[in-house]
Amino acid sequence: VAHGLTQSLRFGAMTLSGFALAASTPPERLFAGLRSMRVPFALSFLVVTALRFVPDVAGEWQAVRRARARRGRPAWRHPPWAWLGLEASLLAPVLARTLRRARALAESLDSRGFDAAAPRAVRRPLRFRTVDVAVLSVATTTALSITAVRVLFVLYTSDTWYHPGLRELYALARGL
């Protein structure tokens with residue numbers, strides 16, 4: 001019994017100290033601290049990501065609790081010993097939403113090529129090639145031309161400025 005009580009107190013102390021650390025340390029600093037203690041990158045990333053979702057899960061929990069209260073099943077109408085059962089019944093919808101969010105995060109990380117086992121790509125400086133410069137100049141010229149035609153058309157329709165040689169441009173702008 002003494003050994004069990006000792007282990008329970010240790011577990012409680014570790015849990016409370018973990019909560020205190022998570023509540024008082026920004027995730028970036030916690031990640032840097034874990035990495036400085038040589039914790040593997042994937043585990044450090046997992047811990048920090050999980051801590052970032054704690055407020056979201058708490059918000060989901062409150063939303064489900066409010067929804068049930070609005071449907072006529074508030075927890076305060078039940079005796080205090082029944083609250084634990086009511087809180088446990090909130091676990092299923094909150095867990096479903098959390099798993100959906102985790103799946104979406106995993107898919108987004110996968111689509112971005114995040115894999116801790118794969119070697120990370122070396123960053124290379126971005127260089128403009130001839131094709132890039134050509135596409136950029138064509139796009140800029142097109143945008144400026146359309147803007148100029150539109151301005152001429154607005155000036156024409158407001159009877160501010162009219163030039164007979166620009167009738168084709170006015171017709172083109174009318175179609176835009």
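Residues numbered from 1 in each chain as written. Predicted model: local features only at pLDDT ≥ 70, side-chain atom pairs only at ≥ 80, totals over all residues. Heavy atoms only, no water.

## Things to note about the overall build of the chain
The number of helices and strands found in the chain is 7 helices and 0 strands. Overall, the chain shows an N-to-C arrangement of helices and strands of α-α-α-α-α-α-α. In terms of C-alpha radius of gyration, the chain reaches 31 Å, well past the compact-globule figure of 16 Å for 176 residues. Taken along the three principal axes of its C-alpha coordinates, the chain extends 100 × 50 × 25 Å. Once local pairs closer than 6 in sequence are excluded, the contacts in the chain between residues at least 24 apart make up 45%. Put simply, the chain shows about 14,400 Å² of open surface, and 66% of that area lies on carbon and sulfur atoms. Seen as two clouds, the 25 positive and the 10 negative side-chain charges of the chain have centres 8 Å apart. (Helix = DSSP H or I, 4+ residues; strand = E, 2+ residues; numbered from the N terminus. Rg over C-alpha atoms; globule rule 2.2 N^0.38 Å. Contact = heavy atoms within 4.5 Å. Areas by Shrake-Rupley, 256 points an atom, 1.4 Å probe, with all protein chains shown as cover. Lys, Arg positive; Asp, Glu negative; His and termini not counted. Charge placed at Lys NZ, Arg CZ, Asp CG, Glu CD.)

## A short note on the nonpolar core
Formed by Val149, Phe153, Leu166, Tyr170 and Ala173, the largest nonpolar core amounts to 5 residues. Of all elements in the fold, only helix H6 (130-157) and helix H7 (167-175) reach the threshold of two or more residues within this core. (Core = buried A, V, L, I, M, F, W, Y, C linked by side-chain atoms within 4.5 Å. Buried < 20%, exposed > 50% of the residue type's maximum accessible area, 1.4 Å probe, protein only.)

## Examining the packing of aromatic side chains
This model, assessed by the stated rule, comprises 2 aromatic pairs. Site record: aromatic cluster; members linked through ring pairs are Phe31, Phe41 and Phe45. (Phe/Tyr/Trp six-rings, centres within 6.5 Å; stacked < 30°, edge-to-face > 60°.)

## Topic: the side chain of Thr49
Its location among the elements puts Thr49 in helix H3 (residues 41-70). In terms of polar contacts, Thr49 uses its side chain to reach the backbone carbonyl oxygen of Phe45, at 2.7 Å. (Polar contact = N/O pair within 3.5 Å; in protein donor to acceptor, adjacent residues only side chain to side chain.)

## Observations regarding a nonpolar patch on the surface
Judged by side-chain polarity, Leu43, Leu46 and Val47 come together as a nonpolar surface patch covering roughly 250 Å² of accessible area. If you trace the backbone, Leu46 turns up in helix H3. (Patch = residues over 30% accessible without salt bridge, like charges linked within 9 Å, V, L, I, M, F, W, Y side chains within 5 Å. Salt bridge = Lys/Arg side-chain N within 4 Å of Asp/Glu carboxyl O.)

## Things to note about the pattern of salt bridges
For side chains bearing opposite charge, pairing can occur when the charged atoms are close. Taken as a whole and assessed by the stated rule, the structure comprises 5 salt bridges. Residue Arg97 pairs with Glu60 through a salt bridge whose shortest N-O separation is 3.5 Å. Here Glu60 lies in helix H3 and Arg97 lies in helix H5 (residues 91-111), a separation of 37 residues in the sequence. A relative accessible area of 31% means that Arg97 is categorised as partly exposed.

## Quick word on the packing of H6 against H7
Two quantities define a packed helix pair, namely the angle between the axes and the distance from one axis to the other. Packing of H6 against H7 brings their axes to within 9 Å, and their N-to-C directions diverge by 100°. With respect to their mutual orientation, H6 and H7 come out roughly perpendicular. Only Leu169, Tyr170, Ala173 and Arg174 of H7 make contact with H6, whose side of the interface consists of Val149, Arg150, Leu152, Phe153 and Tyr156. Residue classes in the contact of H6 with H7 are distributed as 7 nonpolar, no polar and 2 charged. (Axes fitted to C-alpha atoms, helices over the stretch in contact; angles between N-to-C directions. Parallel < 35°, antiparallel > 145°, perpendicular 65-115°, else oblique. Nonpolar A, V, L, I, M, F, W, Y, C, P; charged D, E, K, R; others polar.)

## Let's talk about the environment of Pro79
Examined against the element boundaries, Pro79 turns out to sit in the loop between H3 and helix H4 (80-89). Judged by relative accessible area, which is 31%, Pro79 ranks as partly exposed. Sequence spacing of Pro79 and His163 is 84 residues, and the spatial spacing of their C-alpha atoms is 85 Å.

## Points about the packing of H4 against H5
Between H4 and H5, the shortest axis-to-axis distance is 5 Å and the interhelical angle comes to 30°. When the interaxial angle is binned, H4 and H5 end up roughly parallel. Note on element contacts: H5 touches H4 through Leu91, Ala92 and Pro93, opposite Glu87, Ala88 and Ser89. A class-by-class count of the residues in the contact of H4 with H5 yields 4 nonpolar, 1 polar and 1 charged.

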